[in-house]
Amino acid sequence: MDEPRAAEPTDDLSRAQDALARALGRARIGEDRALANQVRELGERLAHLLSGLLRMTRLHSPDNSAFNKPVEDLHTTLVQLHELLGSVHLVAVEDQVYVNDIRIRAGDKASSMRDLGAELQRHNTGGLTFHLPLDGPAIRALVGCLGGAPAATEPRNSLARALQAAGVSGLELQGRYRFRMASESAGETSDPRDFVSRALGATDEAFQNLAAGRVPNPLPLRRLVTELLERDLATEELWAEPGEAPPYAIHQLRVAQLALLVGRGISLPESVLQDLGVAALYHDCGYAAGSPASGGVGISFERHAATGARLMLRQRGFHEAKMRRVLAILQHHRDANDRLRPGLFGRILRVAEDYDTLARRSGKLSPTMALAVMLKWAGTRYDPALLQLLVNALGAYPPGTLLRLPDGRIVRSAMPARDPAAFAQPLARCLRLKDGTPAPADLPLVDLRGVSPLQPLRALP
């Protein structure tokens, strides 16, 4: 079996590394803070102006001369934001507003922020992406469509069609999101299978957007990571093989889950775990530059890390979350003992990705054997402490491991280790009964505490 390969240093990698070093240097001396303040100020103005224009539609038609000055101001604000950020992602989540990765402080304009979110929600819309600054006629058309009554069915799709009919281009509508409040119990979160479906869809959409040449918009993926962190990572549905889904998206999501297990093992703060999860969901994004949707040639294994870092650099500015993403993508195939030692995120992603490649994607090794192969490279390819944390989290029989029980039943380990005491005694899903017949799907999980010996299997007999 071919082992996971270490990417060889290339001129592209060296140039990308040098560019990142210069970018980080600028970030450290305060350029990031200045940019963030500019974005916050302009973002507040954008949200306030758009909210005010929508309120005006209650009294006047958008072609009224009363709209002239605020429409001109909104166009100017979009031009300034576009010069700073490229595509501008305006997202309203309940009473909070974000522009790209930066939360806009509401201050004395909190009511404008709430009103904007409410106006968008009437059309089942959570945000607007301005790929280009809208001119005056397009702004008036946008305000007129948003200010009108929402369609009774599929209001967001109907709004998109109305904007297209009005000749508005360079604008994309985003779906709705919400925060789960601290007072809500974990049981009130959505079904894990629904979450997996949404996560795979959002991950694939992010890939397709990059392939189409759009600027990265990490906010939808960040919200997915936030929801994933609120869940119990030792949940069967999160580790089951999904049905029809793009292989790329499945791999990205699984690597994110594995990386978060390791990140929690070293007690990373929640904000850092969010950055790690988003970096994992983007880690192989370099392949988007060679997908059919991009019109380019295929990207080789050796080039995909540097290519992915360049795609992430399309998002302007040098805030900390972005730089963590870029460096992780650039370094995620670098050996732990490389003379250019990769950062923490890069070392975590190397462990997480190679495990998923060996244990699930290759189809040649059982999960237990995949870990055994990786342990041979501890201290060279892999950071030994991080690899050990992954082993501790997954248990002696990681999710997907086939086992024969003493009574003849065949089971499959369903989730990571529940606790250190159950390291070698997972919860498992019964696949075959004692007589060899398929087990009913509705049987409860089998608790293997006290069950021995367990016989690992390579495949179902």
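Every residue gets a number counted from 1 within its own chain, in the order that chain's sequence is written. Per-residue local features of the predicted model are confined to residues with pLDDT of at least 70, and side-chain atom pairs are confined, for both listing and counting, to 80 or more; whole-chain, interface and lining totals are unaffected and use all residues. Note that the side-chain values use all heavy atoms of the structure and ignore hydrogens as well as water.

1. Quick notes on the pairing of strand β4 (residues 127-130)
Working definition: with a 1.4 Å probe on protein chains only, accessible area under 20% of the residue-type maximum means buried, over 50% means exposed, and in between means partly exposed. Labels follow the DSSP assignment, with helices taken as runs of H or I lasting at least four residues and strands as runs of E lasting at least two, numbered in each case from the N terminus. Side chains Gly127 and Thr129 project from β4 onto one buried face, and the interleaved Leu128 and Phe130 project onto a second face that is buried too. Pairing between strands requires that DSSP locate at least two bridges from one strand to the other. Direction of pairing for strand β1 (residues 88-93) relative to β4: antiparallel, over a ladder of four bridges. Within β4, the residue paired with Val91 across the bridge is Gly127.

2. So, the environment of Arg55
Tracing the chain through its elements places Arg55 in helix α2 (residues 31-56). Setting aside residues no more than four positions away along its own chain, Arg55 makes contact with Ser112 and Asp115. Contacts are assigned to residue pairs that have any heavy atoms within 4.5 Å of one another.

3. Focus on the packing of helix α3 (residues 68-85) against helix α5 (residues 136-147)
Under this scheme, a helix contributes an axis fitted over its contacting stretch, all axes are lines through C-alpha atoms, and angles between N-to-C directions fall in the 0 to 180 degree range. The interhelical angle for the contact between α3 and α5, taken along N-to-C directions, is 110°, at an axis separation of 9 Å. In terms of axis orientation, α3 runs roughly perpendicular to α5. Judged by residue contacts, Asn68, Val71, Leu74 and His75 of α3 engage Gly136, Ile139 and Arg140 from α5. Asp, Glu, Lys and Arg are counted as charged, while Ala, Val, Leu, Ile, Met, Phe, Trp, Tyr, Cys and Pro are counted as nonpolar; the rest, among them Gly, fall into the polar class. Here the residues of the contact of α3 with α5 are counted per class, giving three nonpolar, three polar and one charged. Any angle between 65 and 115 degrees counts as roughly perpendicular, while under 35 counts as roughly parallel, over 145 as roughly antiparallel, and the rest as oblique.

4. Points about the pattern of salt bridges
When a carboxyl oxygen of Asp or Glu is within 4 Å of a side-chain nitrogen of Lys or Arg, the pair counts as a salt bridge. Under the definition given, this model contains 25 salt bridges. The partner of Glu119 in a salt bridge is Arg58, with the nearest N and O atoms 2.4 Å apart. Of this pair, Glu119 sits in helix α4 (residues 110-122) while Arg58 sits in the loop between α2 and α3, and the two are 61 residues apart along the sequence. A salt bridge links Lys69 to Asp73; its shortest N-O distance comes to 2.8 Å. With Lys69 and Asp73 both in helix α3 and four residues apart, this pair spans about one turn of that helix. According to the relative accessible area criterion, Asp73 is partly exposed, its value standing at 25%.

5. Quick look at the sheet that holds strand β2 (residues 96-99)
Within the open sheet, the five strands sit side by side as β3-β2-β1-β4-β5. Their pairing is antiparallel. Looking along the sheet, the strands with just one partner apiece sit at the ends: β3 (102-104) and β5 (171-174). With strand direction ignored, the average angle separating the axes of adjacent strands in the sheet is 20°.

6. Quick word on the nonpolar core
Throughout, nonpolar core names a set of buried Ala, Val, Leu, Ile, Met, Phe, Trp, Tyr and Cys residues whose side chains join them through atoms within 4.5 Å. In this structure, Leu276, Tyr282, Tyr355 and Leu390 are the most contacted members of the largest nonpolar core, which totals 68 residues. Sort the elements by how many residues they give to this core and helix α10 (residues 247-265) lands first, with 11 residues. Leave out the neighbours within four places in its chain, and Leu390 touches Leu258, Val262, Val351, Tyr355 and Leu371. By size, the runner-up hydrophobic cluster in this structure holds 42 residues, among which are Leu50, Leu85, Leu116 and Leu171.

7. A look at helix α8 (residues 219-230)
How far a helix is expected to stretch is found by multiplying one less than its residue total by 1.5 Å. Taking 1.5 Å per residue as the helical rise, α8 with its 12 residues ought to reach 16 Å, and the 17 Å between its terminal C-alpha atoms agrees with that figure. Across the 12 residues that make up α8, a large majority, 10, are buried. Burial in α8 covers these residues: Leu219, Pro220, Leu221, Arg222, Arg223, Leu224, Val225, Glu227, Leu228 and Leu229.

8. Some details on the packing of helix α12 (residues 301-312) against helix α13 (residues 320-331)
Following both chains from N to C, one finds α12 and α13 inclined at 165°, their axes separated by 7 Å at the closest point. With respect to α13, the element α12 is oriented roughly antiparallel. Relative to α13, α12 is oriented so that their crossing is right-handed. From α12, Ala305, Ala306, Gly308, Ala309 and Met312 reach across to α13, where they touch Lys322, Arg325, Val326, Ile329 and Leu330. When the residues that make up the contact of α12 with α13 are grouped by side-chain class, the tally is seven nonpolar, one polar and two charged. A clockwise turn of the near helix away from the far one marks a right-handed crossing, whereas an anticlockwise turn of less than a right angle marks a left-handed crossing.

9. Digging into the side chain of Asp354
By the element assignment, Asp354 lies in helix α14 (residues 344-361). Of the residues examined, Asp354 reaches a relative accessible area of 2% and is grouped as buried. Any N or O atom pair separated by 3.5 Å or less is treated as a polar contact, with the protein-specific requirement of one donor-capable and one acceptor-capable atom, and with residues adjacent in sequence counted only for side-chain atom pairs. A polar contact is formed between the side chain of Asp354 and the side chain of Arg350, at a distance of 3.0 Å.

10. Digging into unusual backbone geometry
With omega at -5°, the peptide bond leading from Ser452 into Pro453 counts as cis. At Asn124, a position not held by glycine, the phi torsion is positive, near 55°. Asn124 sits in the partly exposed class, given a relative accessible area of 32%.

11. As for the environment of Ala288
Turning to its location among the elements, Ala288 is positioned in the loop between α11 (270-282) and α12. The exposure class of Ala288 is buried, given its relative accessible area of 0%. A C-alpha to C-alpha distance of 7.1 Å links Ala288 and Gln208, two positions 80 residues apart in sequence.

12. A look at the confidence of the model for the protein chain
The predictor reports its confidence for every residue as pLDDT, a score running from 0 up to 100. In the predicted model, the protein chain carries a mean pLDDT of 85, and the fraction of residues at 70 or more is 85%. The low-confidence segment residues 6-10, where pLDDT is below 50, has seven contacts with residues more than four positions distant or belonging to other chains. Contacts for the low-pLDDT stretch residues 179-188, under 50 throughout, to residues beyond four places or in other chains number 11 contacts.

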